[in-house]
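Remarks on the overall topology
Single-letter residue listing:
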Amino acid sequence: MEGSLTQVSIAVNGTAHTHDVEPRTLLVYYLREHLGLTGTNIGCDTSSCGACTVHLDGESVKSCTMLAVQADGRAVTTIEGMARDGELHPLQAAFHRNHGLQCGYCTPGMIMAAASYLIENPDPTEEEVRGSLEGNLCRCTGYHNIVASILDAARGSA
């Protein structure tokens, strides 16, 4: 029936949240509008740009193509959940060190995708990093500093 609500319970950045949502609510809108976590950006609503990338049970997903009800009972990590105890995540620090951003709009999605990728491949080549970013678009940079940031984080540079 139109206008009905469905209850979802989702652990976001380690905190349990329960809300009533319309069944058609996309995960990206749930994160932004219900939880106020605006670091996950809306770029295209078609899964082409990757600005909305988050981790779902540790795997990177594009939250603009996933319903909030599909995340019910699962764990989501957003860019806000990457830092710990006031310390930037190593990828966040590497992006800062290497100026791996320009306007910054794509940066949260890039970091989330890269974090997931580095778990799968902790010692990538430049070519592998470039290939791993194919689902994340940046309209400002030539990707050079983004790739350098990811390689820096993979090598544990300080």
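What you see is a predicted model; the values in this text were computed from it and never measured. (Residues numbered from 1 in each chain as written. Predicted model: local features only at pLDDT ≥ 70, side-chain atom pairs only at ≥ 80, totals over all residues. Heavy atoms only, no water.)

1. A short note on the packing of helix α2 (residues 90-97) against helix α5 (residues 144-155)
Between α2 and α5, the shortest axis-to-axis distance is 8 Å and the interhelical angle comes to 135°. Comparing the axis directions of α2 and α5 gives the class oblique. Handedness of the α2/α5 crossing: right-handed. Contact residues: α2 offers Pro90, Leu91, Ala94, Phe95 and Arg97, while α5 offers Ile146, Ser149, Ile150, Asp152 and Ala153. (Axes fitted to C-alpha atoms, helices over the stretch in contact; angles between N-to-C directions. Helix = DSSP H or I, 4+ residues; strand = E, 2+ residues; numbered from the N terminus. Parallel < 35°, antiparallel > 145°, perpendicular 65-115°, else oblique. Left-handed = near helix turned anticlockwise from the far one by under 90°. Contact = heavy atoms within 4.5 Å.)

2. Some remarks on the pairing of strand β2 (residues 15-21)
Looking down a regular strand, the side chains alternate between one sheet face and the other. Pairing geometry for strand β1 (residues 6-12) and β2, over seven bridges, is antiparallel. Note that in β2 the partner of Val12 across the bridge is Thr15. With antiparallel pairing between neighbouring strands as the criterion, β1 and β2 make up a hairpin whose turn holds two residues, including Asn13 at a positive phi of roughly 55°. (Pairing = 2+ DSSP bridges.)

3. Observations concerning the side chain of Ser63
Secondary-structure assignment places Ser63 in the loop between β4 (59-62) and β5 (75-77). We classify Ser63 as buried; its relative accessible area is 0%. Among residues more than four places away in sequence, those in contact with Ser63 are Leu26, Leu27, Val28, Thr40, Cys52 and Val54. (Buried < 20%, exposed > 50% of the residue type's maximum accessible area, 1.4 Å probe, protein only.)

4. Some words on the nonpolar core
Ranked by size, the top nonpolar core spans 21 residues in total, and within it Leu91, Phe95, Met110, Leu133, Ile146 and Ile150 carry the most contacts. Those elements that place two or more of their residues in this core are α2, α3 (107-120) and α5. If you tally residues by element for this core, the top one is α3, at seven residues. In terms of nonpolar packing, the next biggest core, distinct from the first, is built from 15 residues, Val8, Val12, Val54 and Ala68 among them. (Core = buried A, V, L, I, M, F, W, Y, C linked by side-chain atoms within 4.5 Å.)

5. Comments concerning the side chain of Thr53
Mapping Thr53 onto the fold places it in strand β3 (residues 53-56). Excluding residues within four positions of it along the chain, Thr53 makes contact with Ser60, Val61, Lys62, Gly109, Met112, Ala113 and Asn136.

6. Notes on the environment of Ser63
Along the sequence, Ser63 and Ser48 sit 15 residues apart, while their C-alpha atoms lie 12 Å from each other. Within the structure, Ser63 has its side chain in polar contact with the backbone oxygen of Cys52 (distance 2.7 Å). (Polar contact = N/O pair within 3.5 Å; in protein donor to acceptor, adjacent residues only side chain to side chain.)

7. Observations regarding the sheet that holds β3
Spatially, β2-β1-β5-β3-β4 is the arrangement adopted by the five strands of the open sheet, whose pairing is mixed. Sheet topology places β2 and β4 at the edges, where each strand pairs with a single neighbour. Within this sheet the neighbouring strands show an average axis-to-axis angle of 40°, counted without direction. In the packing of α3 onto the sheet, contacts are made with β3, β4 and β5, and the angle to β3 comes to roughly 40°.

8. Quick word on the pattern of salt bridges
If you walk through the whole model with that rule in mind, you get four salt bridges. We note a salt bridge from Arg24 to Glu22, for which the minimum N-O separation is 2.6 Å. Take Glu22: its relative accessible area is 33%, and that puts it in the partly exposed class. Residue Asp152 pairs with Arg97 through a salt bridge whose shortest N-O separation is 3.0 Å. You can see Asp152 sitting in helix α5 and its partner Arg97 sitting in helix α2, a full 55 residues away along the chain. (Salt bridge = Lys/Arg side-chain N within 4 Å of Asp/Glu carboxyl O.)

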